[in-house]
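# Structure assessment
The lines below spell out each chain.
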Amino acid sequence: MVDKRAVDDVTFQVKKGEIFGLLGPNGAGKTTTIKMLCTLLLPTSGDASVLGKSILKDDKDIRKRINLVSGGERGLYYRLTGRQNLRFFSELYGIPPATREARIEELLQLVGLGHAADVRVEDYSRGMKQRMHIARALVNDPDILFLDEPTIGLDPEISRDIRALVKKMADNGTTILLTTHYMFEAEELCDRIAVINNGKIVAMGTAQELKDLVKSSTVIEVVTVLDPQECFESLKQTPGVMNVVSDRFSGRHLNRFQVEKREELFDVINDALRPYRIVRAGYDEPTLEDTYISLVSHNEL
């Protein structure tokens, strides 16, 4: 059995009131980092400061001032109504009875569940459950809210509502640390982003600063009718071709080649993909996703 270090000397700072994104592939160390900062896991070495307090020495104080939302449906009592869930968690956090009901009503309105406050959670849709998770995490009015892939598996419309809610929370002064696999989500929400891979942070900055890391490259985008996967390996060996990404949508194949800025590569790639019935070909600027793939692939073990 080979021991693997889940998090390796990770260091970063999050400013008060910002949305800070943590991006990385599965197994990169995102959730482990979140769990340590939330005092749910102890580091084998080192320490971290949350709100000026040590996760090793001041875990009880930290827990009073933070909260966590994870993707998925665990963590609520399904036989209770939404209001009853919030009342239960408010009592756990010691919210004074004099302000408890007003706070619950405020949270229900914030997450758009006022109309379903007295409906059992088991009858909620998945999107409603996720909004209830966020309301549950706000009962103690946390200074920092950790969101671990909060929109994973949700429909696009529901995900959009969750992102709008995250923006509203940040506007209200809550500091948010967000992990996500969705590049567009990170770019839309985050003030700054750290990319983590194999337990190490490989880049950090604003979305634009990260994209500037690959400004010496460009992207050739080719849409084909047939799947050209079988020719990708040979193209990856072509000098100047840095990364290849392909997605299927609406019966077509969108193929993106991150390349050095050399004119001859456009003809090389188009010649290779011509048998797969090219619909459209052109240049594009590197996106955050292109940058992310480049950073991760260049830092593999």
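Rules used in this analysis
- Residues numbered from 1 in each chain as written.
- Predicted model: local features only at pLDDT ≥ 70, side-chain atom pairs only at ≥ 80, totals over all residues.
- Heavy atoms only, no water.
- Salt bridge = Lys/Arg side-chain N within 4 Å of Asp/Glu carboxyl O.
- Helix = DSSP H or I, 4+ residues; strand = E, 2+ residues; numbered from the N terminus.
- Buried < 20%, exposed > 50% of the residue type's maximum accessible area, 1.4 Å probe, protein only.
- Phe/Tyr/Trp six-rings, centres within 6.5 Å; stacked < 30°, edge-to-face > 60°.
- Lys NZ or Arg CZ within 6 Å of the ring centre and 35° of its normal.
- Contact = heavy atoms within 4.5 Å.
- Pairing = 2+ DSSP bridges.
- Axes fitted to C-alpha atoms, helices over the stretch in contact; angles between N-to-C directions.

### What about the pattern of salt bridges?
- According to the stated counting rule, one finds 21 salt bridges in the structure shown.
- Its salt-bridge partner being arginine 103, residue glutamate 106 comes within 3.3 Å of it at the nearest N-O pair. In this pair, glutamate 106 and arginine 103 both sit in helix 4 (residues 97-110), three residues apart, roughly one turn of the helix.
- Residues glutamate 264 and arginine 262 are paired through a salt bridge, measuring 2.9 Å at the closest nitrogen-oxygen approach.
- Assessed through its relative accessible area of 32%, arginine 262 is described here as partly exposed.
- A network of salt bridges, in which partner residues are shared, links Arg163, Lys167, Glu185 and Glu188.

### With respect to the packing of aromatic side chains
- Counted according to the given criterion, the structure contains seven aromatic pairs.
- Ring geometry for tyrosine 77 and phenylalanine 88: centres 5.1 Å apart, planes at 75°, overall edge-to-face. One end of the pair, tyrosine 77, is in the loop between strand 4 (66-70) and helix 3 (82-92); the other, phenylalanine 88, is in helix 3, and 11 residues separate them in sequence.
- What makes tyrosine 77 partly exposed here is its relative accessible area of 42%.
- Members of the aromatic cluster, each reached through a chain of ring pairs, are Tyr77, Phe88 and Phe89.
- Between arginine 136 and the ring centre of phenylalanine 89, over which it is positioned, the NZ or CZ distance is 5.9 Å.

### Considerations on the side chain of histidine 253
- Looking at where histidine 253 falls in the secondary structure, it is placed in strand 11 (residues 252-260).
- Relative accessible area serves as the criterion here: at 7%, histidine 253 is assigned to the buried category.
- Aside from chain neighbours lying at most four places away, what touches histidine 253 is Val222, Val223, Thr224, Val225, Leu226, Asp227, Pro228, Asp247 and Arg248.

### A look at the sheet that holds strand 5 (residues 144-148)
- The strand order across the open sheet formed by six strands is 4-5-6-1-7-8, and the pairing between neighbours is mixed. With one partner strand each, in any of the chains shown, strand 4 and strand 8 (200-205) form the two edges of the open sheet. Looking at each pair of strands side by side, their axes are set apart by 15° on average, direction ignored.
- Across five bridges, the pairing between strand 1 (residues 19-23) and strand 6 (residues 175-180) is parallel. Paired with leucine 22 across the strands is threonine 179, a residue of strand 6.
- In this fold helix 5 (residues 126-137) packs onto strand 4 and strand 5, with an angle of close to 170° to the strand it touches most, strand 4.
- Helix 6 (residues 156-171) contacts strand 1, strand 5 and strand 6 of the sheet and is inclined by roughly 155° relative to strand 6.

Just geometry here; none of it tells us what the structure is for.
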